[in-house]
Amino acid sequence: MTLDFTRRSALHILGAGASLGAGIGASIGAFAKSSTANTALSDFESFAQSSRKNPWTLGWRSVPASDMSTAKLRVVSGKIPTGLSGTFYRNGPALFERDGLRLHHWFDGDGMVHAYHINADGVSHTGRMVRTDKYVREEKAGRFLASAFGTKIDNPAPVSGPDDFNAANTSILPIGGELLALWEGGSAYRLDDMTLETLGAKTWGKGLKGMPFSAHPKVDTDGTVWNFGQDVFHNRLLVYKIHANGELAGVHLLKNVAPGMIHDFCITKKHLIFVVPSFQAVQQSDTFLGKFKWLPQEGQRVIVVEKDNLDARREYELPPGFQFHYGNAWEDNVGDIRFSVCAGDDSFITKGATAVMRGEKFEPTPTYLAHVVLYKNGKARVEKVSKERAAHEFPQFNSNVMGENARYLYTVGDSFEDAPGQSSILKHDFVSGKITGHNYGQATVVEEHLFLARPGSSREDEGWLIGTTLNLETQRTQLNIIDAAHIEDGPVCILELPYALPLGFHGAWKGTA
Amino acid sequence: MNKTLNTIALAAIFATGTASCAHAADVPATPTSATPTNGTAEITVDIRGVKNAKGAIMAALFDSETGYKTNKGVRASTTNVTADTVSFSFEHLPEGEYAIKLFHDVNGDGEMNTNLFGMPTEPYAFSNNATGNMGPAKWVKAKFTVTATGTATVQAIRLN
Ligand SMILES: [Fe+2]
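As the structure is a prediction and not an experimental result, all values here were calculated from the model.

**A word on the coordination of the iron ion**
Residue and element names in this part refer to chain A.
Turning to step 1, where the next piece is worked out: Within the first shell, the iron ion binds the protein through His 216 (NE2), His 263 (NE2), His 325 (NE2) and His 506 (NE2), at distances of 2.0 to 2.1 Å.
Turning to step 2, where the next piece is worked out: One way to put it: the 4 donor atoms around the iron ion meet at angles of 91 to 162°, and that makes the site irregular.
Turning to step 3, where the next piece is worked out: Between consecutive donors of the iron ion, the numbers of intervening residues give the motif H-x46-H-x61-H-x180-H. Of this pair, His 325 sits in the loop between strand 21 (309-318) and strand 22 (326-331) while His 506 is found in the loop between strand 33 (491-496) and strand 34 (507-511), placing the two residues 181 residues apart along the sequence. The exposure classification of His 325 matches that of His 506, with both residues buried.

**Thoughts on the packing of helix 1 (residues 43-53) of chain A against helix 3 (residues 347-358) of chain A**
Residues and elements named next belong to chain A.
Turning to step 1, where the next piece is worked out: Viewed as axis vectors pointing N to C, helix 1 and helix 3 meet at an angle of 70°, and their least axial separation amounts to 7 Å. In terms of their interaxial angle, helix 1 and helix 3 are classed as roughly perpendicular. Across the interface between the two elements, Asp 43, Ser 46, Phe 47 and Ser 50 of helix 1 pack against Val 356, Met 357 and Arg 358 of helix 3.
Turning to step 2, where the next piece is worked out: When the residues that make up the contact of helix 1 with helix 3 are grouped by side-chain class, the tally is 3 nonpolar, 2 polar and 2 charged.

**Concerning the environment of Ala508(A)**
All names here are of chain A.
Turning to step 1, where the next piece is worked out: Looking at the element boundaries, Ala 508 is found in strand 34.
Turning to step 2, where the next piece is worked out: Its relative accessible area of 11% is what places Ala 508 among the buried residues.
Turning to step 3, where the next piece is worked out: Apart from residues lying up to four places away in sequence, Ala 508 is in contact with Thr 87, Phe 88, Tyr 89, Ile 172, Pro 174 and Leu 450.

**Quick look at the state of the cysteines**
Residues and elements named next belong to chain A.
Turning to step 1, where the next piece is worked out: One pass over the full model with this rule turns up 0 disulfides over all chains.
Turning to step 2, where the next piece is worked out: Cysteine Cys 266 remains unbridged, with the sulfur of Cys 342 as its closest cysteine sulfur at 11 Å.
Turning to step 3, where the next piece is worked out: In this structure Cys 342 comes out as buried when scored by relative accessible area, which is 1%.

**Side note on the layout of surface pockets**
Residue and element names in this part refer to chain A.
Turning to step 1, where the next piece is worked out: Estimates place the volume of the second largest pocket at around 1200 Å³.
Turning to step 2, where the next piece is worked out: Around the second largest pocket, the lining comprises 44 residues; the ones closest to its centre are Val 219, Ser 399, Phe 451, Ala 508 and Trp 509.
Turning to step 3, where the next piece is worked out: Elements that contribute at least two residues to the lining of the second largest pocket include exactly strand 8 (171-175), strand 12 (218-219), strand 22, strand 26 (393-396), strand 30 (444-453) and strand 34.
Turning to step 4, where the next piece is worked out: Here the residues of the lining of the second largest pocket are counted per class, giving 23 nonpolar, 16 polar and 5 charged.

**Looking at the sheet that holds strand 20 (residues 300-306) of chain A**
Paired through their backbone hydrogen bonds, the strands of a sheet run either parallel or antiparallel.
All names here are of chain A.
Turning to step 1, where the next piece is worked out: The strand order across the open sheet built from 4 strands is 16-17-20-21, with neighbouring strands paired in antiparallel fashion. Bordering the open sheet on either side are strand 16 (266-267) and strand 21, each of which pairs with just one other strand.
Turning to step 2, where the next piece is worked out: Inspection of the sheet shows strand 16 paired to strand 17 (residues 271-276) by 2 bridges, in the antiparallel sense. Bridge pairing links Cys 266 to Ile 273 in strand 17.

**So, empty space enclosed by the protein**
All names here are of chain A.
Turning to step 1, where the next piece is worked out: Scanning all chains against the criterion turns up 4 cavities of 30 Å³ or more.
Turning to step 2, where the next piece is worked out: Taken as a whole, the largest cavity encloses approximately 90 Å³ of empty space.
Turning to step 3, where the next piece is worked out: As for the largest cavity, its lining consists of 14 residues, and the residues nearest its centre are Arg 90, His 114, Leu 501, Pro 502 and Gly 504.
Turning to step 4, where the next piece is worked out: Of all the elements in the fold, those that place two or more residues in the lining of the largest cavity are strand 3 (86-95) and strand 6 (110-119).
Turning to step 5, where the next piece is worked out: Per-element tally for the lining of the largest cavity: the top contributor is strand 3, with 5 residues.
Turning to step 6, where the next piece is worked out: Counted by class, the lining of the largest cavity contains 6 nonpolar, 6 polar and 2 charged residues.

**With respect to the packing of aromatic side chains**
All names here are of chain A.
Turning to step 1, where the next piece is worked out: Across all of its chains, the model carries 29 aromatic pairs over all chains by this definition.
Turning to step 2, where the next piece is worked out: Ring geometry for Trp 56 against Trp 60: centres 5.6 Å apart, planes inclined by 75°, an arrangement best described as edge-to-face.
Turning to step 3, where the next piece is worked out: Relative accessible area serves as the criterion here: at 0%, Trp 60 is assigned to the buried category.
Turning to step 4, where the next piece is worked out: Across the ring face of Phe 47, the terminal group of Arg 102 is positioned such that the distance to the ring centre comes to 3.4 Å.
Turning to step 5, where the next piece is worked out: The side chain of Lys 202 reaches across the aromatic face of Trp 204, ending 4.6 Å from its centre.

**A few points about unusual backbone geometry**
Residues and elements named next belong to chain B.
Turning to step 1, where the next piece is worked out: One non-glycine residue with positive phi stands out, namely His 92, at about 55°.
Turning to step 2, where the next piece is worked out: Position of His 92 relative to the elements: it lies in strand 5 (residues 86-93).
Turning to step 3, where the next piece is worked out: Look at Asn 129: it is not a glycine, yet its phi comes out positive at around 55°.
Turning to step 4, where the next piece is worked out: Looking at the secondary structure, you find Asn 129 in the loop between strand 7 (124-126) and helix 2 (139-142).
Turning to step 5, where the next piece is worked out: Its relative accessible area of 35% is what places Asn 129 among the partly exposed residues.

**Side note on helix 2 (residues 133-141) of chain A**
Residues and elements named next belong to chain A.
Turning to step 1, where the next piece is worked out: Residues of helix 2 that are buried include every one of Lys 134, Tyr 135 and Glu 138, and no others. Looking straight down helix 2, one finds that the buried residues subtend no more than 95° of arc, so they occupy a single side.
Turning to step 2, where the next piece is worked out: Within two residues after helix 2, Gly 142 carries a phi angle of roughly 75°, on the positive side.

**Quick look at the side chain of Gln230(A)**
Turning to step 1, where the next piece is worked out: Position of Gln230(A) among the secondary structure elements: in strand 13 (residues 225-231).
Turning to step 2, where the next piece is worked out: Engagement of the side chain of Gln230(A) in a polar contact is seen with the backbone oxygen of Gly260(A), the distance being 2.7 Å.

**Focus: the nonpolar core**
Turning to step 1, where the next piece is worked out: Counting 58 residues, the largest nonpolar core has Trp106(A), Phe107(A), Tyr116(A), Ile118(A), Met261(A), Ile349(A) and Leu479(A) as the members making the most contacts within it.
Turning to step 2, where the next piece is worked out: Among the elements that line this core, the one with the most residues is helix 3 of chain A, at 5 residues.

**Notes on the pairing of strand 3 of chain A**
All names here are of chain A.
Turning to step 1, where the next piece is worked out: Burial runs high along strand 3: 10 of the 10 residues are buried.
Turning to step 2, where the next piece is worked out: Judged from the 9 bridges that link them, strand 3 and strand 6 form a sheet pairing that is antiparallel. Note that in strand 6 the partner of Gly 86 across the bridge is Ile 118.
Turning to step 3, where the next piece is worked out: The sheet contact formed by strand 3 and strand 34 spans 5 bridges and is antiparallel. Following the sheet pairing, Phe 88 is matched in strand 34 by Trp 509.

Here is what the cut-offs are and how they apply
- Residues numbered from 1 in each chain as written.
- Chains lettered and ligands numbered in written order.
- Predicted model: local features only at pLDDT ≥ 70, side-chain atom pairs only at ≥ 80, totals over all residues.
- Heavy atoms only, no water.
- Donors = N, O, S within 2.8 Å, 3.2 Å for Na, K, Ca; no water.
- Tetrahedral: all angles 85-135°; square planar, octahedral: opposite > 155°, others 65-115°.
- Helix = DSSP H or I, 4+ residues; strand = E, 2+ residues; numbered from the N terminus.
- Buried < 20%, exposed > 50% of the residue type's maximum accessible area, 1.4 Å probe, protein only.
- Axes fitted to C-alpha atoms, helices over the stretch in contact; angles between N-to-C directions.
- Parallel < 35°, antiparallel > 145°, perpendicular 65-115°, else oblique.
- Contact = heavy atoms within 4.5 Å.
- Nonpolar A, V, L, I, M, F, W, Y, C, P; charged D, E, K, R; others polar.
- Disulfide = S-S within 2.5 Å.
- 1 Å grid on protein atoms, 1.4 Å probe; cavity = no way out; pocket = protein on both sides within 12 Å on 5 of 7 lines; lining within 4 Å.
- Points joined across faces, edges and corners; volume = space filled by probe spheres on them.
- Pairing = 2+ DSSP bridges.
- Phe/Tyr/Trp six-rings, centres within 6.5 Å; stacked < 30°, edge-to-face > 60°.
- Lys NZ or Arg CZ within 6 Å of the ring centre and 35° of its normal.
- Arc of directions from axis to C-beta.
- Polar contact = N/O pair within 3.5 Å; in protein donor to acceptor, adjacent residues only side chain to side chain.
- Core = buried A, V, L, I, M, F, W, Y, C linked by side-chain atoms within 4.5 Å.

In structure tokens, the structure reads:
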């Protein structure tokens, strides 16, 4: 096959490793003590057993319906801030079981897109499964048909290309009046931005039908969108440049890109930066993921190309690693480039994301926040920024400082001791070195929080953090709005859905014009 | 309506395990010693699952593993598509083993279109409905035996 597929967030850097907050996890419900994998049980049976005793499994249950909506979310506390008006979109795997079979890997779940329409009067919710070709065919067949990212299906249907198992489950991009549900190894899917009805696979232009369009496009401060699609089986990567109005400006093929799984990238004012991790497609397997192998001896390779001349390329070596996500990147007057990264290894993608599907405990190596410096002279260096509040994931920052020397980065962090997931939203101040944050408590799993700049804001942290959490006690998904300048005060507004949604990956904001 | 083309641009429908090189299947228009027409066997191909009733089905017939692998066909066929089913035949064939590669030339440009990574962007199929893993089906899975019994051998093929 070709390309890349999906993988995405390492949210839930499970397990303890790095928990802080006293007593976190205590009330989440102890894991089954015998946490070693009982391979005699199918994934389906194992999860069913675990879900009877482990409240945390709520985050990995199939969504109860393919289409959901709530006209008005209940306000749990506070009020919606004045000036916050728009739609908060989210995407994530939501369907995990068919015909007695449970998917083996979290990233294989079919995508469900959510829209929270927000204004001063309140918040509504609409959630719809993306009607990918895969989803439609499997609905009809009543079973899973495609061996996808990390699940091998018996008696699979023929697969003619990655879009035959495109789960459209990773992120969302509002652009040019369209809403795109993003995967990694195949086409983006077009959705109606109000009803979330699936309109079909997106073709950007001639020769681009079925091409991979990854889930972490970068929106430049002028609205230009950069993205990539990787083909690990031919060591190549396609760069997309898209005008703010949604029209393709152009594509460019980068060759000699080692087959390390690239999930995300960064941009500075002048450059695109691709880190090729030490997790490479070098072996045969029935699944896409199975073709990858952790190759610490390989180190990581960084490819830097100029936005204005994508053939102008330089490369750097980094120590071994694998990560999903990067923070901001910038270059100084000398020409040195710096970027931040939620660094780690392959343990979550290879083991953690299958353990959660079985309802089993696994402790992946905690991710840590690091700065990488790429010196003009070709040398590179990694500086660990913080170790103590590890398990940082889902880095976000003020998009108004995209490509600049940003002061703040926001991440999810603080792993539970006895369950997958994290309990805090954190604010990293790179000037003072301080980390502040809000801990949602021992029974609440935190998902990605976006930073939304307050209209007309001047300070970088003047705005709101918006994100969902899954409350394991009330068994409800909550929507939280935090004043980013006062993150330690916790949400200024908490709203609640009348149901629990499975934990998702990434979101996007579209402000009311 | 059937017509034989000089060269049918049948993509190699992926190299092993990936989408890459698309190259044409070379099919002689004029029968040569390699393409005998004096046989009495016949193959009828019935195609279902056509999503767009336009363009043409372009098919190539192979009589050996080598020919199949190298896209050297012994016959070719182009059939206009006007409905969701399409039928055509290969006639006057010697008995033996055969396999078929075909694709739906939806936009009628005579080529099996691929994207920048070489993945086919038009529907395709192989005889026996054989499938490959993101690549062409192997000869052993696609081949079938044709005998001159007086009745056509039918290949019912569903397009991907
Ligand atoms: Fe991601």
